[in-house]
Amino acid sequence: MLSGGPSSTGGVKKGPFLAPDVAVVGAGPVGLAIAWRCASRGLRVVVHDPAPGSGASHVAAGMLAPVAEAYFGEHELTGLLTASAARWPAFAAELTEATGADLGYRTEGTLLVGLTADDLAEARRLWAYQQGLGLPVTPLRPSELRDREPALAPRVRGGALAGTDHQVDPRRLVPALRTAAERAGATLTATAVERVSDLDARVTVVAAGCGAASLTGLPIRPVKGQVLRLRAPGGVAPGFRHVIRGYADGEHVYLVPRVDGEVVVGATVEERTDTTVTVGAVLRLLRAAVDLLPELAEYDLVEAVAGLRPGTPDNAPIIGPLPGRPDVVAATGHHRHGIVLTPVTADLIADLITTGVANPLLAPFTPDRFTTEEGHPWN
Ligand SMILES: Cc1cc2nc3c(=O)[nH]c(=O)nc-3n(C[C@H](O)[C@H](O)[C@H](O)COP(=O)(O)OP(=O)(O)OC[C@H]3O[C@@H](n4cnc5c(N)ncnc54)[C@H](O)[C@@H]3O)c2cc1C
């Protein structure tokens, strides 16, 4: 097992008890899944969070989309996304088995669409790149598109199917992970951690989303995203089944239908640290959404909310021990992908903690790509 850092003095969990094997800072999807995996392997785990599930996951759409999210210049990240998405079916089944929870996990796939000829041209460039990586993007004729989703606007010029891009409901996922972690023996404590050195555990995992920046000094910055939640009238399911991602007059938008009638419409990407909802963003999101799927104009608008993605300089997560501190492991910086990356992050961190050996998959994502041991102000 990983260990070997300096022992701490003074802190949140001191006292005449056996120190935990693992302290996890942050009870978002990443921290809770790590706690579940570690506790399931017999480790004593304590999770610290004053407001579990209140981070980016509360806002997230829950798309599990390694194909649609494969962007130019991010091929190593695409590899990790693909590896994690492949774990999702078993992960969801195991979590449901452990808790009985309905995760809102859906596998109908994702339709990628372009409203205008320009939108379609832009989309096709990305599809060609994704196909070049060997990812399953299947162009569809307009008639095939409408056979799959008759509710799409007649104006939609064309599209493609990313059949392996699925979805889960993060607002169901996080409570289920908490239940699974607690049933496996992990303890949750409602403390905000100010310094890693306050914790008395053999290994500390910093899975605090944007909060990891001040705890580790790692270059994590908040990236604001505004999102809307609509509801189909009459308590019925939305009139479409696939996740729909598209370009509408140059505006990028996604529509995520839940079985219970909810539709998530997102999202802005803003280099801002506030969580204010703006009229302009709501207007742009709704216009793009209704342009692609006119029936949404009849839906109830039930929520407009903004969250902060934990972004990094290369858009990829930071997973692994801090340089010179094998007892402090980062699991953060998941940016737009923390839901899809939850299974692989949790499994590989639990492997690392129990065996002391890092899976080669993690090599491109370690903290030392941003830091050096010398002179870094580790807490
Ligand atoms: C608009 C939007 C849409 C998104 N859509 C998707 C999507 O479709 N698919 C996808 O995969 N991802 C999506 N994401 C990204 C995803 O939500 C994040 O990557 C993910 O939530 C990161 O999980 P996390 O557990 O690391 O952090 P968070 O979910 O942010 O949770 C961090 C937790 O740490 C706690 N914490 C912080 N500081 C401290 C501290 N000092 N002490 C103790 N606890 C602390 C917080 O209270 C919080 O509970 C989206 C994000 C946004 C904002």
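Asker: Explain the pairing of strand β13 (residues 262-266) here, please?
Answerer: Moving residue by residue along a regular strand, the side chains alternate between the two faces of the sheet. For β13, the buried fraction is high: five of the five residues fall into the buried class. Here strand β10 (residues 221-231) pairs with β13 via five bridges, running antiparallel. When the sheet's bridge partners are listed, Leu-230 is paired in β13 with Val-263. Of the strand pairs in this sheet, strand β12 (residues 251-257) and β13 are connected by four bridges, and their pairing is antiparallel.

Asker: What's the story with the site of the ligand in this structure? I'm lost.
Answerer: Contacts to the ligand come from 38 residues, most closely from Asp-49, Met-63, Val-193, His-335 and Arg-336. The separation between a nitrogen atom of the ligand and a polar main-chain atom of Ala-61 is 3.3 Å. Between the ligand and Val-193 there is a distance of 2.9 Å, counted from a nitrogen atom to a backbone nitrogen or oxygen. Surface burial for the ligand is 93%, taken as the share of its 1000 Å² of free accessible area covered by protein chains. Secondary structure elements with two or more residues in the shell around the ligand: α1 (29-40), β10 and β14 (300-311). In terms of residue class, the shell around the ligand is built from 18 nonpolar, 17 polar and three charged.

Asker: Would you mind showing me how to read the sheet that holds strand β5 (residues 138-140) here?
Answerer: Hydrogen bonds along the backbone pair up the strands of a sheet, which may run parallel or antiparallel. Reading across from one edge, β5-β6-β4-β11-β12-β13-β10-β14 is the order of the eight strands in this open sheet, with mixed pairing throughout. With partners counted over all chains shown, the strands left at the sheet margins are β5 and β14, one partner each. This sheet shows a mean twist of 25 degrees between the axes of neighbouring strands, independent of strand direction. Note: β10 against β14, eleven bridges, orientation antiparallel. Residue pairing across strands places Gln-226 opposite Ala-306, the latter belonging to β14.

Asker: Can you walk me through the packing of helix α2 (residues 75-99) against helix α8 (residues 342-355) in this structure?
Answerer: For any two helices packed against each other, one specifies the inter-axial angle together with the distance between the axes. One way to put it is that α2 packs onto α8 with a least axis distance of 7 Å and a crossing angle of 90 degrees. In terms of axis orientation, α2 runs roughly perpendicular to α8. On the side of α2, the interface is formed by Leu-80, Ser-84, Arg-87, Trp-88 and Phe-91, while α8 contributes Thr-342, Pro-343, Val-344, Asp-347 and Leu-348.

Asker: Would you mind going over the packing of aromatic side chains with me for this structure?
Answerer: Remark: the centre distance and the inter-plane angle together describe each pair of aromatic rings, the angle taken between the planes. Under the counting rule described, the total for this entry stands at four aromatic pairs. Ring geometry for Phe-72 versus Tyr-129: centroids 4.6 Å apart, planes at 40 degrees, classification tilted. Here Tyr-129 lies in helix α3 (residues 117-132) and Phe-72 lies in the loop between β3 (63-64) and α2, a separation of 57 residues in the sequence. A network of ring pairs unites the aromatic residues Trp-36, Trp-88, Phe-91 and Tyr-105 as a single cluster. Cation over ring: Arg-37 sits above Trp-36, and NZ or CZ is 4.5 Å from the ring centre.

Asker: Explanation requested: the environment of Val-137 in the structure shown.
Answerer: Looking at the element boundaries, Val-137 is found in the loop between α3 and β5. Along the sequence, Val-137 and Leu-286 sit 149 residues apart, while their C-alpha atoms lie 26 Å from each other. In this structure, Val-137 is in contact with Val-67, Leu-112, Trp-127, Gln-130, Gln-131, Ala-160 and Leu-161, ignoring residues within four places of it in sequence.

Asker: Would you mind showing me how to read unusual backbone geometry here?
Answerer: Here the residue pair Gly-266 and Ala-267 is connected by a cis peptide bond, since its omega of -15 degrees sits within 30 degrees of zero. A positive phi is found at Asn-315, a non-glycine position, where the angle reads about 65 degrees. Note on placement: Asn-315 falls in the loop between β14 and β15 (318-322).

Asker: Would you mind showing me how to read the packing of α1 against α2 here?
Answerer: Contact geometry for α1 and α2: axes closest at 13 Å, N-to-C directions at 75 degrees. Relative to α2, the element α1 is oriented roughly perpendicular. Touching Ala-33, Trp-36 and Arg-37 of α1 are Phe-91, Glu-94, Leu-95 and Ala-98, all from α2. In the contact of α1 with α2, the residues fall into five nonpolar, no polar and two charged.

Thresholds applied
Here the residue numbering is sequential within each chain, running from 1 through the sequence in written order. Since the coordinates come from a predicted model, pLDDT governs what is reported: local features require at least 70, and pairs of side-chain atoms require 80 or more to be given and counted, while whole-chain, interface and lining totals use all residues. For the side-chain quantities, the full set of heavy atoms in the structure was used; hydrogens and water were omitted. Throughout, exposure labels follow a simple rule: accessible area from a 1.4 Å probe, protein chains only, divided by the maximum for the residue type, with under 20% read as buried, over 50% as exposed, and the rest as partly exposed. Helical segments are the DSSP runs of H or I of at least four residues, strand segments are the runs of E of at least two, and each set is numbered from the N terminus. At least two DSSP bridges between two strands are needed for those strands to be called paired. Proximity is defined per residue: if any heavy atom of the residue lies within 4 Å of a molecule or strand, that residue is considered near it. In protein, a polar contact requires one atom able to donate a hydrogen and another able to accept it; more generally it is a pair of N or O atoms within 3.5 Å, and residues adjacent in sequence count only if both atoms are side-chain atoms. Working definition of accessibility: Shrake-Rupley area with a 1.4 Å probe, residue cover restricted to the visible protein chains. Polar here means any residue other than Ala, Val, Leu, Ile, Met, Phe, Trp, Tyr, Cys and Pro, which are nonpolar, and Asp, Glu, Lys and Arg, which are charged; Gly is therefore polar. Working convention: axes come from line fits to C-alpha atoms, limited for helices to the stretch in contact. Angles between N-to-C directions cover 0 to 180 degrees. Angle categories are assigned with fixed cut-offs, so that under 35 degrees is roughly parallel, over 145 is roughly antiparallel, 65 to 115 is roughly perpendicular, and the rest are oblique. Residues are treated as being in contact if the distance between any of their heavy atoms lies within 4.5 Å. A pair of aromatic rings is counted whenever rings of Phe, Tyr or Trp (Trp by its six-membered ring) have centres within 6.5 Å, and the orientation is called stacked for planes under 30 degrees apart, edge-to-face for over 60 and tilted otherwise. To sit over a ring, a charge needs its Lys NZ or Arg CZ within 6 Å of the ring centre and within 35 degrees of the ring normal.

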